[in-house]
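Geometric and topological summary
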Amino acid sequence: FLDGNKRTAGMVMFTFLQFNGLTIIATEIDYYTTMMSIATGQMNKDQLTLWLQKITEGIPPAEI
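Residues numbered from 1 in each chain as written. Predicted model: local features only at pLDDT ≥ 70, side-chain atom pairs only at ≥ 80, totals over all residues. Heavy atoms only, no water.

In terms of nonpolar packing, the biggest core is built from 12 residues, these being M13, F14, L17, L22, I24, Y31, M35, M43, L48, W51, L52 and I55. Excluding anything up to four places from it in sequence, L52 contacts M13, F14 and L17. (Core = buried A, V, L, I, M, F, W, Y, C linked by side-chain atoms within 4.5 Å. Buried < 20%, exposed > 50% of the residue type's maximum accessible area, 1.4 Å probe, protein only. Contact = heavy atoms within 4.5 Å.)

Here is the structure:
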């Protein structure tokens, strides 16, 4: 991908969450800002986890 890794990773992340029963409620600007923060090192994994908890609704399926 020519400069598309951030967008690809973000969409894969959202698709994974949706396949697991969660609804994404983030706005496009929230999504863009977050992906850019990750790409520039301004957001770490723990911060991303907290953001994902804020912008998703629903209950994932029980672990097997």
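Turning our eyes to something else, we now look at the confidence of the model for the protein chain. For the protein chain, the mean per-residue pLDDT works out to 89, and 92% of the residues sit at or above 70. Mean pLDDT across the elements of the protein chain ranges from a minimum in helix 1 (residues 5–19), with 90, to a maximum in helix 3 (residues 45–54), with 95. (pLDDT = per-residue confidence, 0-100. Helix = DSSP H or I, 4+ residues; strand = E, 2+ residues; numbered from the N terminus.)

Next up on the list: the packing of helix 1 against helix 2 (residues 28–39). Where helix 1 contacts helix 2, the axes come no closer than 10 Å and their chain directions differ by 120 degrees. Taken together, the axis directions place helix 1 and helix 2 in an arrangement best described as oblique. In this structure, the crossing between helix 1 and helix 2 has a hand that is right-handed. Contacts between helix 1 and helix 2 involve K6, R7, G10, M11, M13 and F14 from the first element and Y31, M35, M36 and A39 from the second. (Axes fitted to C-alpha atoms, helices over the stretch in contact; angles between N-to-C directions. Parallel < 35°, antiparallel > 145°, perpendicular 65-115°, else oblique. Left-handed = near helix turned anticlockwise from the far one by under 90°.)

Overall, the coordinates contain two aromatic pairs when judged by the stated rule. With 5.2 Å between their ring centres and 50 degrees between their planes, F14 and Y31 make a pair best called tilted. Of this pair, F14 sits in helix 1 while Y31 sits in helix 2, and the two are 17 residues apart along the sequence. A relative accessible area of 9% places F14 in the buried class. Measuring from centroid to centroid gives 6.3 Å for F14 and W51, while their planes differ by 20 degrees, and the two rings are stacked. Here F14, found in helix 1, pairs with W51, found in helix 3; they are 37 residues apart in sequence, far enough to count as distant. Of the two residues, F14 and W51, neither departs from the other in class, the shared state being buried. Members of the aromatic cluster, each reached through a chain of ring pairs, are F14, Y31 and W51. (Phe/Tyr/Trp six-rings, centres within 6.5 Å; stacked < 30°, edge-to-face > 60°.)

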